[in-house]
Amino acid sequence: MRVHELAKEFGMTSKELLDHLTRLKIPARNHASTLVEAYVDKIRKDLHDEIATRQAQMEEERLREEAAERAREEQERAKREAEEAERLAAEAARRAEEDAVRKAEEAALALAEEERRKAEEAEHAKREAEEAQRREAERRAEEERALLAEQAAKDEAAEAYRNAVEYDAYLANDRTL
């Protein structure tokens, strides 16, 4: 087994392991040096407490990293939820605004329709009043024509009577002569 492989297994750097190997008087020059199994067992026994401590530290670090990752994920989830809530609120506001605009347009259309209907009613009433005035004027003109015809007939009758009287007077004068 090579130094760097054993260092990785113990969770330390090759340099740290080389320092321990020097202290234990185990020959190794660099990270690529090969260690025989007897030395590996001796190193494992000697570094057992340190390895356990390092593993506990590594486990603690892993747990901290996991907790930090969970916290980041929770933060991101909360941020996404807040963004979604904001988006939904904006969508609801947009819909409410559209509804308000639509209702205002409908109200304006209803008002315009009511004004148009009233204008039509007023125009209809005006036409009916004008028609009634025209019929009344025609009725009066007819009555006046009837009165004038009646008066003309009376005048004609009176004229005829005068003519008859004058003729009778003429004939009576003619007989006396």
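Shown above is the structure to which this text applies.
Residues numbered from 1 in each chain as written. Predicted model: local features only at pLDDT ≥ 70, side-chain atom pairs only at ≥ 80, totals over all residues. Heavy atoms only, no water.

**Here we look at the side chain of His20**
Applied cut-off: Here a helix means four or more residues in a row that DSSP labels H or I, a strand means two or more in a row labelled E, and each is numbered from the N terminus. For this analysis, residues touch if any pair of their heavy atoms sits within 4.5 Å.
Here His20 is to be found in helix H2 (residues 14-23). With residues up to four places along the chain from it excluded, the contact list for His20 reads Met12, Leu47 and Glu50.

**Remarks on the environment of Met1**
Position of Met1 relative to the elements: it lies in the segment before helix H1 (3-10). C-alpha separation for the pair Met1 and Thr34, spaced 33 residues apart in sequence, amounts to 5.5 Å. Met1 has contacts with Leu6, Glu9, Ser33, Thr34, Leu35, Val40 and Arg44, leaving out every residue within four places of it along the chain.

**Some points on H1**
Our working rule: The classification of residues rests on relative accessible area computed with a 1.4 Å probe and restricted to protein chains. Under 20% of the type maximum is buried, over 50% is exposed, and intermediate values are partly exposed. Here the arc refers to the set of directions running from the helix axis out to each C-beta atom.
Among the residues making up H1, those that are buried are Val3, Leu6, Ala7 and Phe10. One side of H1 carries all its buried residues, which in axial view fall inside an arc of 100 degrees. Gly11 sits one or two positions beyond H1 and adopts a positive phi of about 75 degrees.

**A closer look at the pattern of salt bridges**
Here is the rule we go by: One speaks of a salt bridge when a side-chain nitrogen belonging to Lys or Arg is within 4 Å of a carboxyl oxygen belonging to Asp or Glu.
Considering all chains together, one arrives at 29 salt bridges under this definition. Of the charged contacts, one joins Glu120 and Arg116 as a salt bridge, the two residues approaching to 2.3 Å between their closest N and O atoms. Separated by four residues within a single helix, Glu120 and Arg116 lie in helix H4 (residues 48-176), roughly one turn from each other. Among the residues examined, Glu120 registers a relative accessible area of 44% and is labelled partly exposed. The closest approach of N and O atoms between Arg145 and Glu142, which form a salt bridge, is 2.6 Å. Of the two residues, Arg145 and Glu142 both sit in helix H4, three residues apart, roughly one turn of that helix. The exposure class assigned to Arg145 is partly exposed, which follows from its relative accessible area of 49%.

Nothing here speaks to function; it is geometry throughout.
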